[in-house]
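The chain contents come next:
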Amino acid sequence: MVSDLTPGILLLLIGGCSIFLPMLLWKDVTADDSRTTGRRRVGAATAFLSALPMLSIVMWDSIGVPPSPSDVRVMVLYGLAMLTTIAALIVIKVSVNAAPTVLAIFFAIYVAGIIAQLSAPIAITLHDVHSYHPSVTRPHAAKPCRGFAFQPVYAHISDLHITDHDRTRDGREPGNSRLPAILDAINRKKPRVLVISGDITDEGTAAQWRLVEQFMGRLDPGIAVFIATGNHDVNHFFEKDPAERPVRWPGAAEASGLDVEPRIFRAVEFQARHLTAVNTAGINLTDYVKRAPDESNVSTFPQQIAECVMSCIPDTDGTPSEVKLQMASCRGLCAHDLRSIRFHYFQDIVESFPTYYIDRPTSTAFIGLTTSLGDSAEVGRNAIGITGRKQINNLRAVLSKLPRTVKHIVLVQHHPPLWTGLGRLPRLTSSDSQDPVWDRFYSSPWFLSVFLHNDVKESEEIFEILTAELSRRRGVDAIVAFGHRHERSLSEIGPVILEEAPNLATKDPNDFGFYLVSATGTSLDVSWCGVRQ
């Protein structure tokens, strides 16, 4: 493994060589007064171009597309950047005495090498986001919405982006005005469950969750709601969670309830209110929400107090007696530290994902992954699609413990689970520039894969876990319901259906609606219900 420090040191060395070494030979170009202007320009261009590979690496890293520092291809890239410097010296030397034809050949080869290195970070990243699974079928159209002999199992929508502002943070239209029509149409179909695959709110604030709750008052109370969180629901990019800043600001009123809860817990509370039988690995959400720490019960959380103590004790080489005294002191502090206990309490539930619910009348297991907890405040990484090792292990355990009566598995997550067929560059048209946020580019698979870091290796592992479970359970089928791209698609990989819902405020009237899924015999039947605006 290459240490995290190694790439930085190499960048400094390569950057220094790329920028300054060609300049040292500048005098060899300018000293010859008999052949001046053209050769000086060749030398100047060469000196400038030699710095571009290094600047490319820095630029792609700064906007969130860093190849893994442990990847051997990255070391090759750094080596090529160093060779570019050496090549620059050769071109500058040749430019002094070579014939124009020879100089043109040398310079053309040199420029081609520069172009290849500038695209290398993108190519390396795109290689990582391609699906390794070769049998992804081409997307096909869902059946038109129709009546069913039995009550539909679930309806699926995504990317509501409910906000208390006129526009979303990305400058788009929110789903506020269109959600009522969707809910009314879903009420008429009477599915057992409404699945929402993330980005329910636009920024995850308490005010926005309250708005969502008001809208949900329109939904038939006989329809349960099962959600997965999206990056807009839980990501810290929008502001720090209350647990990371003072709950009470000078001159402000005391905050309570939703206002002092982390974003992820606001989503958990919403889920617990709308479906009491939802569990995680060993935790029932409803019970977990009811017993959240407050000033009256802070001393009744031994596990969280112990976690607080371990984080309180500093690394020290003190004697055992000194460590024992430190532990006693920390325990006394932690037993009354509500903020720390709440932090560890909320963290425990994060580590217990995914959520799951079994709808016994239809023999359907709904499993909700959260794919946005590995987040950052950096612009290029604020919608990261990472599931995480702990959650993947929990998923394997949840699947293995499902009752034998389960006939259908619905895996709900926000980010697309697999990528395939991406080009080396995005496909853009002149009309794209008319949208202030370049909508087509912004929602393209290329942009989402490269800039938003959906981890295809994790997706492949999740897919393998799911298909292995299907092979173990004969006669069971599976659907992966997701969103995030603001597009609608339906495809299959072997026995698994990939069902992608568009955003609620879509500009395409054909995409304004919801999926309706019914159990037909031993399989799930997917149809698309369009809603007139």
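Residues numbered from 1 in each chain as written. Predicted model: local features only at pLDDT ≥ 70, side-chain atom pairs only at ≥ 80, totals over all residues. Heavy atoms only, no water.

*Asks:* Tell me what's going on with the overall build of the protein, and back it up with residues and numbers.
*Replies:* Across its full length, the protein holds 18 helices and 12 strands. Looking at the protein as a whole, 51% of its 533 residues qualify as buried. For the protein, the accessible surface area stands at approximately 24,900 Å², while carbon and sulfur atoms represent 60% of it. (Helix = DSSP H or I, 4+ residues; strand = E, 2+ residues; numbered from the N terminus. Buried < 20%, exposed > 50% of the residue type's maximum accessible area, 1.4 Å probe, protein only. Areas by Shrake-Rupley, 256 points an atom, 1.4 Å probe, with all protein chains shown as cover.)

*Asks:* Please provide a residue-by-residue account of the packing of helix α12 (residues 302-312) against helix α14 (residues 338-350), values included.
*Replies:* Where α12 contacts α14, the axes come no closer than 9 Å and their chain directions differ by 110°. The orientation of α12 with respect to α14, classified from their angle, is roughly perpendicular. Every residue of α14 that contacts α12 at Gln303, Gln304, Ile305, Glu307, Cys308 and Ser311 is listed here: Ser340, Ile341, His344, Tyr345 and Asp348. Residue composition of the contact of α12 with α14, grouped by class: 4 nonpolar, 5 polar and 2 charged. (Axes fitted to C-alpha atoms, helices over the stretch in contact; angles between N-to-C directions. Parallel < 35°, antiparallel > 145°, perpendicular 65-115°, else oblique. Contact = heavy atoms within 4.5 Å. Nonpolar A, V, L, I, M, F, W, Y, C, P; charged D, E, K, R; others polar.)

*Asks:* Give a description of the state of the cysteines that names residues and reports values.
*Replies:* Inspection of the entire model under this criterion finds 2 disulfides. The disulfide bridge from Cys145 ends at Cys529, spanning 2.0 Å between sulfur atoms. Here the disulfide of Cys145 and Cys529 is right-handed, its torsion about the S-S bond being about 60°. Pair noted here: Cys145 is in the loop between β1 (143-144) and β2 (154-157) and Cys529 is in strand β12 (residues 523-530), with a separation of 384 residues, a long-range link. Residue classification places Cys145 among the partly exposed residues on the basis of a relative accessible area of 26%. The buried category is assigned to Cys529, whose relative accessible area is 3%. Across a sulfur-sulfur distance of 2.0 Å, Cys308 and Cys334 are joined as a disulfide pair. Between Cys308 and Cys334, the disulfide has an S-S torsion of -75° and is therefore left-handed. Here Cys308 is found in helix α12, whereas its partner Cys334 is found in helix α13 (residues 320-334), with 26 residues between them in sequence. (Disulfide = S-S within 2.5 Å.)

*Asks:* Tell me what's going on with the pairing of strand β10 (residues 496-500), and back it up with residues and numbers.
*Replies:* Of all 5 residues that make up β10, 5 are buried, and the element is covered over most of its length. Side chains Val496, Leu498 and Glu500 project from β10 onto one buried face, and the interleaved Ile497 and Glu499 project onto a second face that is buried too. Bridge count for strand β8 (residues 477-482) against β10 is 5 bridges, and the pairing is parallel. Of the residues in β10, the one forming a bridge with Ala481 is Glu499. Of the strand pairs in this sheet, strand β9 (residues 489-493) and β10 are connected by 5 bridges, and their pairing is antiparallel. Its bridge partner being in β10, Ile493 is matched across the sheet by Val496. Two successive antiparallel strands, β9 and β10, enclose a turn made up of 2 residues, where Gly494 displays a positive phi of approximately 60°. (Pairing = 2+ DSSP bridges.)

*Asks:* Which residues make up the sheet that holds β12, and what are the values?
*Replies:* In space, the 6 strands of this open sheet follow the order β1-β12-β11-β2-β3-β4, with mixed pairing throughout. Every interior strand has two partners, whereas the edge strands, β1 and β4 (224-228), have only one. Here helix α7 (residues 179-189) sits on the sheet in contact with β2, β3 (193-197), β11 (513-520) and β12, set at roughly 20° to β11.

*Asks:* Account for the sheet that holds strand β7 (residues 408-412), with residues named and values stated.
*Replies:* Sheet architecture is open: 6 strands sit in the order β5-β6-β7-β8-β10-β9, paired in mixed fashion. Looking at which strands have only one partner, the edges of the open sheet turn out to be β5 (355-359) and β9. Averaged over all pairs of adjacent strands, the angle between strand axes in this sheet comes to 20°, irrespective of strand direction. When β7 meets β8, the two strands line up parallel, connected through 5 bridges. Among the inter-strand pairings, His408 is bridged to a residue of β8, identified as Asp477. Where helix α15 (residues 389-400) meets the sheet, it contacts β5, β6 (364-368) and β7, and its direction lies at approximately 170° from that of β6.

*Asks:* Any details on the pattern of salt bridges? Residues and values, ideally.
*Replies:* Inspection of the entire model under this criterion finds 14 salt bridges. Glu213 is paired through a salt bridge with Arg273; the nearest N and O atoms lie 2.8 Å apart. Taken as a pair, Glu213 in helix α8 (residues 206-216) and Arg273 in helix α10 (residues 263-274) lie far apart in primary sequence, 60 residues in all. By relative accessible area, Glu213 is classed as partly exposed at 24%. (Salt bridge = Lys/Arg side-chain N within 4 Å of Asp/Glu carboxyl O.)

*Asks:* Tell me about α15, and name the residues and values.
*Replies:* If you check α15, its first and last C-alpha atoms are 17 Å apart, about what 12 residues at 1.5 Å a residue would give, namely 16 Å. Restricting attention to buried positions, one finds in α15 the residues Gln391, Ile392, Asn394, Leu395, Val398 and Leu399. Along the axis of α15, the buried positions cluster into a sector of 160°, meaning they face one direction only. (Expected span 1.5 Å × (residues − 1). Arc of directions from axis to C-beta.)

*Asks:* Provide a residue-level description of the nonpolar core, including the pertinent values.
*Replies:* Tyr154, Val193, Phe226 and Phe366 are the most contacted members of the largest nonpolar core, which totals 47 residues. The leading source of residues in this core is α14, at 5 residues. (Core = buried A, V, L, I, M, F, W, Y, C linked by side-chain atoms within 4.5 Å.)

*Asks:* Quick rundown of the environment of Gln304? Include the residues and the values.
*Replies:* Within the secondary structure layout, Gln304 lies in helix α12. A relative accessible area of 6% means that Gln304 is categorised as buried. Those residues in contact with Gln304 that sit more than four places away from it in its chain are Ile341, His344, Tyr345 and Asp348.

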